[in-house]
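The lines below spell out each chain.
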Amino acid sequence: MRVLALAGYDSFLNTVRLIAPHFEKQGASVEFALVSARKKKQISVEQITELGFSKPIPAVTIKDLCQSGDILSYDIVLACLEGMSTRHLFHYLEDIGSARPLVICVYPGLVLRYAFDGFSMRTPADQLWLNCKRDVEAYSAMCEAFGQDSSNARLFGNASLLDKVERLPGADDAGPVVFFEQAVIPRYYYERKFMVKQLFGLARRYSQKEFLIKARATGRKATLHRTWHAIDHLFQEVSKSGDEIPGNIRLTEERAPSLLARASHCLTISSTVAVEAIHAEIPTTLISDFGAHDDYGLQYFYGSGLLRNFEQVDLQTPPRVSQKWREKFACDPALSIGQLVLEAMDRAGKRGIPTRSAARGCENSDALRSELLAIGKRFYLSRAFKSKRKLLASLISTLKLKTSAGK
């Protein structure tokens, strides 16, 4: 049985990398492909190498993969893709019908924001592996409201937890305090500058501790979300303004699993790594200075008992996670992946049985979809109608095509 693992960005590739061995354990062969989703700076060779891939990974487009028929040589497609590529996948698979492979959709991390928008794009999946009980409940409620079938939902867990953290001796007491930065959480200049100043202040308050700041991406590395104000630049800017960089704080490019192995405390605003730290029993604090904002994803951690502002951070007496929250939001994928893989392979082995229908009613009605498609596939798939900038670009592109055709 052949499995094609599709990914677009670093965390997406890491997710399918962690899942792949569980299919191979059951005798399947797994091939990887990078889906072209951005013209520039999508993923670097360095990032691919850091994830343990020694050979180049082929790049594909969803349209070519489906229209060429190449996708038909696979029994299962494990799709860890952002929204637009996911929409392309199901759009082009419709022409193939029930002959298509079984499609599994999985998230590259916690669903921190725009949960229902993401769920609605993935309703056509034969299986939708979700991160936690909260997500399964929310997805099921959405489908029920729109009269759609939610039986494709599966409780999986956060895939990054499959990369077990092996704690180093003495880490609890002597290990560094690690702050895991996010590219766009917070997003804006004065927020991010404040964050750096507060980290400097925290390092001075606990001068006997080593502080490591794990930047989401630096240099040639790329992420799905592009930062507007890189943290390494802000370090230098704050320092030049008279607030010298404390001697016990520095930026690091060390990978998260390695940092978690020796961290004495995990600090972040809202990040998948928080659940990884909680799972590894590392004291964890969620920084709440930036408030309740849907874009920042802190709502995922409401009820966890871990929210503190910078002034309240206490490394001596760290907060304890609520077990009730943990049971609902921090599910261990090791408990479910074996059965999920067997179920998927069994279902894929019965090829020819009708696959899940388009089931797009949660994203938009058939009538609206038909009207938007009549304007153009690219117009619909890129959601140009929801963005003034994209709409203008689409209209210009259409005009150019018509002008060229007229010539």
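Quick summary incoming for the structure in this document. (Residues numbered from 1 in each chain as written. Predicted model: local features only at pLDDT ≥ 70, side-chain atom pairs only at ≥ 80, totals over all residues. Heavy atoms only, no water.)

1. So, helix 1 (residues 10–24)
- For helix 1, spanning 15 residues, the distance from its first C-alpha to its last is 21 Å, which sits close to the expected 21 Å at 1.5 Å a residue.
- Those residues of helix 1 lying buried are D10, F12, L13, N14, T15, V16, L18, I19, A20 and F23. (Helix = DSSP H or I, 4+ residues; strand = E, 2+ residues; numbered from the N terminus. Expected span 1.5 Å × (residues − 1). Buried < 20%, exposed > 50% of the residue type's maximum accessible area, 1.4 Å probe, protein only.)

2. Overview of the side chain of H91
- Mapped onto the elements, H91 comes out in helix 4 (residues 83–93).
- Assessed through its relative accessible area of 8%, H91 is described here as buried.
- Every residue in contact with H91, bar those within four places of it in the chain, is listed here: R360, R369, L373, K377 and L381. (Contact = heavy atoms within 4.5 Å.)

3. A few points about the side chain of R383
- You can see R383 is positioned in the loop between helix 15 (377–381) and helix 16 (388–406).
- Its relative accessible area of 14% is what places R383 among the buried residues.
- Only 3.2 Å separates the side chain of R383 from the side chain of E363, close enough to count as a polar contact. (Polar contact = N/O pair within 3.5 Å; in protein donor to acceptor, adjacent residues only side chain to side chain.)

4. Some remarks on the sheet that holds strand 8 (residues 177–180)
- Read across the sheet, 6 strands follow the order 10-9-8-11-12-13 without closing on themselves; strand pairing throughout is parallel. The open sheet has two edge strands with one neighbour each: strand 10 (249–252) and strand 13 (307–308).
- Across 4 bridges, the pairing between strand 8 and strand 11 (residues 265–268) is parallel. Across the sheet, residue F179 finds its bridge partner in strand 11, namely L267. (Pairing = 2+ DSSP bridges.)

5. Notes on the packing of helix 8 (residues 189–205) against helix 9 (residues 231–240)
- The geometry of helix 8 relative to helix 9 is characterised by a closest axis approach of 10 Å and an angle of 70° between their N-to-C directions. Judged by the inter-axis angle, helix 8 sits roughly perpendicular to helix 9. For the pair helix 8 and helix 9, the crossing hand works out as right-handed. Together, Y189, R192, K193, M195, V196, K197 and F200 of helix 8 and I231, L234, F235, E237 and V238 of helix 9 make up the contact between the two elements.
- Residues that form the contact of helix 8 with helix 9 fall into these classes: 8 nonpolar, no polar and 4 charged. (Axes fitted to C-alpha atoms, helices over the stretch in contact; angles between N-to-C directions. Parallel < 35°, antiparallel > 145°, perpendicular 65-115°, else oblique. Left-handed = near helix turned anticlockwise from the far one by under 90°. Nonpolar A, V, L, I, M, F, W, Y, C, P; charged D, E, K, R; others polar.)

6. Side note on the environment of Y9
- Assignment of secondary structure puts Y9 in the loop between strand 1 (2–7) and helix 1.
- For Y9, a relative accessible area of 3% gives the class buried.
- For the pair Y9 and C80, spaced 71 residues apart in sequence, the C-alpha separation works out to 9.2 Å.

7. A closer look at the pairing of strand 11
- By the alternation rule, side chains of strand 11 split into H265 and L267 and C266 and T268, which are all buried.
- Inspection of the sheet shows strand 11 paired to strand 12 (residues 284–287) by 3 bridges, in the parallel sense. Each bridged residue has a counterpart across the sheet, and for L267 the counterpart in strand 12 is T285.

8. As for the state of the cysteines
- Scanning all chains against the criterion turns up 0 disulfides.
- C80 takes part in no disulfide bond, and the closest cysteine sulfur, belonging to C105, lies 8.9 Å away. (Disulfide = S-S within 2.5 Å.)

9. Some points on the sheet that holds strand 7 (residues 153–155)
- With respect to topology, 7 strands assemble into an open sheet ordered 3-2-1-4-5-6-7, the strand pairing being parallel. The two strands at the open ends of the sheet, each matched to only one other strand, are strand 3 (59–60) and strand 7.
- The pairing of strand 1 with strand 4 (residues 76–80) spans 5 bridges and is parallel. Bridge pairing links L6 to A79 in strand 4.

10. Remarks on the pattern of salt bridges
- The full count for this structure, using the stated rule, is 18 salt bridges.
- As a salt-bridge pair, R2 and E31 come within 2.5 Å of each other at their nearest N and O atoms. Here the residue R2 occupies a position in strand 1, and E31 occupies one in strand 2 (residues 29–35), the gap between them amounting to 29 residues.
- Assessed through its relative accessible area of 29%, E31 is described here as partly exposed.
- Residues joined in a network through salt bridges with shared partners are R87, D117, E363 and R383. (Salt bridge = Lys/Arg side-chain N within 4 Å of Asp/Glu carboxyl O.)

11. What about the packing of aromatic side chains?
- Scanning the model with the defined rule gives 17 aromatic pairs in all.
- Ring geometry for W129 versus F156: centroids 5.0 Å apart, planes at 50°, classification tilted. Remark: F156 occurs in the loop between strand 7 and helix 7 (171–174) and W129 occurs in strand 6 (residues 127–130); sequence separation between them is 27 residues.
- Note on F194 and F310: the rings are 6.4 Å apart at their centroids and 70° apart in plane angle, and the pair reads as edge-to-face. With a gap of 116 residues between them, F194 in helix 8 and F310 in the loop between strand 13 and helix 12 (323–329) connect regions that are remote in the sequence.
- Within the aromatic cluster, the residues linked to one another by ring pairs are Y107, F116, F119 and Y139.
- Sitting over the ring of Y74, R2 keeps its end group 4.3 Å from the ring centre.
- Over the ring of Y380 we find R87, and its NZ or CZ is 4.7 Å from the ring centre. (Phe/Tyr/Trp six-rings, centres within 6.5 Å; stacked < 30°, edge-to-face > 60°. Lys NZ or Arg CZ within 6 Å of the ring centre and 35° of its normal.)

In short, shape yes, function no, at least from these values alone.
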